[in-house]
Amino acid sequence: MEMKKKLLEIKNLKQYFNVGKPNEVKAVDGLTFDIYEGETLGLVGESGCGKSTTGRTIIRLYDATDGQVLFDGEDVHGKKSKAEMKKFNREMQMIFQDPYASLNPRMKVADVIAEGIDIHGLAKTKEERTKMVHDLLETVGLNKEHANRYPHEFSGGQRQRIGIARALAVKPSFVIADEPISALDVSIQAQVVNLMKKLQREKGLTYLFIAHDLSMVKYISDRIGVMYFGKMVELAPAEELYKNPMHPYTKSLLSAIPLPDPVYERNRKRQTYDPSSHNYREGDQVELREITAGHFVLCSEKEYEELKKQ
Amino acid sequence: MEKILEVNDLKISFHTFSGEVQAIRGVSFDLNKGETLAIVGESGSGKSVTTKSIMRLLPEQSSEFKSGEILFKGKDLTKLNDKQMQKIRGKDISMIFQDPMTSLNPTMTVGKQIMEPIIKHQKLSKSEAREKAVKLLDLVGIPNPEIRFKQYPHQFSGGMRQRVVIAIALACNPQILIADEPTTALDVTIQAQILELMKSLQKKVETSIIFITHDLGVVANVADRVAVMYGGKIIEVGTVDEIFYNPKHPYTWGLISSMPDLETEEEDELFAIPGTPPNLLNPPKGDAFAPRNQYAMKIDLEKEPPMFKVSDTHYAATWLLHPDAPKVEPPAAVQKRMKMYQEQHK
């Protein structure tokens, strides 16, 4: 793992809304983590914890209040010329949550997918553009007859496939998927997740996978970050996080997932998380610390010593 | 066990510009007193239409009641007029809707909305109703009920709003509570709280619950019995253990194995049911699931399978259960999961 190249470095990222007003919201409050090339990093947490904002700030849909996002060593934020921005936009793409709202209903599927191709001038001739669109449609499991239809003619799962084709059109290396399957039916969710995994294998994509369905996140992710009120409370390899959760919030989150197993469900005991249980005193340095290799927990110096012992 | 609700051969269609959509194509089930029946299935399988027809909440202009009966304690709800139905709705049978953000009236205080059914059905005075409403808010676990009583829905979070909706539904101690995806819009931790709340309330007031969801984890948590719907029909019904540990219908197999659990290895590909649900504008001849079913036989395309009996409580509509059918094994993913369950439960 250590040998892997860091594709994205996020350093002390902050995103505040309504700065200076009484209703200031610290949606993302000092996040620091890396994403390695070719991996899938899952981001989980309850609604309002700032996971979607994190994704949107990384791709610069919002301007960060503070902190850095380094993509391949270069800062995404800060003053940028149009040409420089264009370069980033080609490398980073996003798949949105709601397949019904994220496709322009007045554009044909071919134009939806080819918008990026046109902007970046990736196709020299009209024939080339059509061919690229048809190839993309095939990649995501649709066929070329679909190119001349409008979004409303498709089901939710098919629309999400179009959203994926659009993201792939400019050949990005990094894709942010913001709850890409939450709006889909169970049987269709599996289709989309399998497709995303297949594309990752074939094209060496790196994913930031944002979701609140924890069992799906575990299945698709290599590492998982747990967010709570704008902060990362735990970051660990997927298997490790589920087998050995350390932060009390992660424990409570895991104990709340219902599993499709009636006997297990009858015996499941839910744990609740009380943020005041930490009893942090003033001057305590609460930060993300590495307990075992690759397993980070937000804790104070004292908690760190205790976790280390376990 | 006492049957409180009996639905027999219910058929409902919708009239649309493109023609008649046969949303419900012959649904029959029973609900016993005090039990929770979960109805699962994809969107468009007819779960919500079934329950809305019990409440008689389908739009009159576009929906057509084709046939069937809905017996509530022996009384056929389909034969009642609007006035008689109003006396049952919200009193004997009440409903919790999916989206707590839109099922409350934003211009009325929460307290007033809870008082409404109490005044209407129980004929209490305003002050008595008020007292009862505050008690209900307390019962569903809303802190400071006296203050919250006077607030508007926008001052509540999603989880709190759903508690208010539950309080309204429980206001008249209904005998049947229909919950249409009550936790789908909520976070897992809030979902766990709401499910615990519903279960504890069920014990207190002995309500029967019909629980609609597509989350099998939630089903395993709340249900006593499960009915699986596909293409406007119930294709498998049984106790929760029978459905999860001994499923018989290929669609149920697909549903169970398309959901990863925490043990699913990353290398395993998820089993995805191929294709899309049937278009009920022209329901296919034969078994509606046949085009997506890898076990489909010739007869599946020609004749609809009847309900075959597996046990006294377990029935499934698939020709695979016919004595003449070839013996097939469930997909590897299902077998693996069944084995895992067996080992874990030892």
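Residues numbered from 1 in each chain as written. Chains lettered and ligands numbered in written order. Predicted model: local features only at pLDDT ≥ 70, side-chain atom pairs only at ≥ 80, totals over all residues.

(A) Just the overall build of chain A, in detail. Counting secondary structure elements, chain A contains 11 helices and 12 strands. Taking 310 residues into account, the globule formula puts the C-alpha radius of gyration at 19 Å, and chain A, at 21 Å, falls close to it. With respect to the principal axes defined by its C-alpha atoms, chain A has extents near 65 × 55 × 45 Å. Residues classed as buried in chain A amount to 41% of the 310 residues present. (Helix = DSSP H or I, 4+ residues; strand = E, 2+ residues; numbered from the N terminus. Rg over C-alpha atoms; globule rule 2.2 N^0.38 Å. Buried ≥ 20, exposed ≤ 12 C-beta atoms within 10 Å, placed from the backbone.)

(B) The interface of chain A and chain B, seen in detail. Facing 29 residues of chain A, the contacting portion of chain B comprises 33 residues. Listing elements by their share of the side of chain A that touches chain B, those giving two or more residues are helix 6 (186-203), helix 7 (214-220), helix 9 (248-255) and helix 10 (262-267) of chain A. Ranked by residues supplied to the side of chain A that touches chain B, first place goes to helix 6 of chain A with six residues. Counted by class, the side of chain A that touches chain B contains 15 nonpolar, eight polar and six charged residues. (Contact = placed C-beta atoms within 7 Å. Nonpolar A, V, L, I, M, F, W, Y, C, P; charged D, E, K, R; others polar.)

(C) The domain arrangement of chain A, seen in detail. Residue and element names in this part refer to chain A. Here chain A is partitioned into domain 1 (6-229) and domain 2 (238-310). Taking only C-alpha atoms into account, the centre of domain 1 sits 29 Å from that of domain 2. Every contact between the two is made by 11 residues of domain 1 and, on the other side, eight residues of domain 2. Among the elements of the structure, helix 7 and strand 9 (223-228) are those that each provide at least two residues to the side of domain 1 that touches domain 2. A per-element tally of the side of domain 1 that touches domain 2 places strand 9 first, with four residues. Residue classes in the side of domain 1 that touches domain 2 are distributed as four nonpolar, four polar and three charged. (Domains from an automatic or database assignment.)

(D) Geometry of the environment of Asp222(A). Residues and elements named next belong to chain A. When you line up the elements, Asp-222 lands in the loop between helix 7 and strand 9. For the pair formed by Asp-222 and Glu-127, sequence separation is 95 residues and the distance between their alpha carbons is 39 Å. If sequence neighbours within four positions are ignored, Asp-222 has contacts with Glu-39, Thr-40, Pro-237 and Ala-238.

(E) How the structure looks around the packing of helix 6 (residues 158-170) of chain B against helix 7 (residues 188-205) of chain B. Residues and elements named next belong to chain B. Across the interface, helix 6 lies against helix 7 with an axial gap of 10 Å and an inter-helix angle of 15 degrees. Taken as axis vectors, helix 6 and helix 7 run roughly parallel relative to one another. The interaxial crossing formed by helix 6 with helix 7 has right-handed handedness. Listed contacts from helix 7 to Gly-158, Gly-159, Gln-162, Ile-166 and Leu-170 of helix 6 are Ile-190, Gln-193, Ile-194, Leu-197 and Leu-201. (Axes fitted to C-alpha atoms, helices over the stretch in contact; angles between N-to-C directions. Parallel < 35°, antiparallel > 145°, perpendicular 65-115°, else oblique. Left-handed = near helix turned anticlockwise from the far one by under 90°.)

(F) Spatial organisation of the environment of Gln189(A). Residue and element names in this part refer to chain A. On the secondary structure map, Gln-189 appears in helix 6. Taking the C-alpha atoms as reference, Gln-189 lies 24 Å from Val-133; in sequence the two are 56 residues apart. Those residues within four positions of Gln-189 in sequence are excluded, and the remaining contacts are Ile-181, Leu-184 and Met-216.

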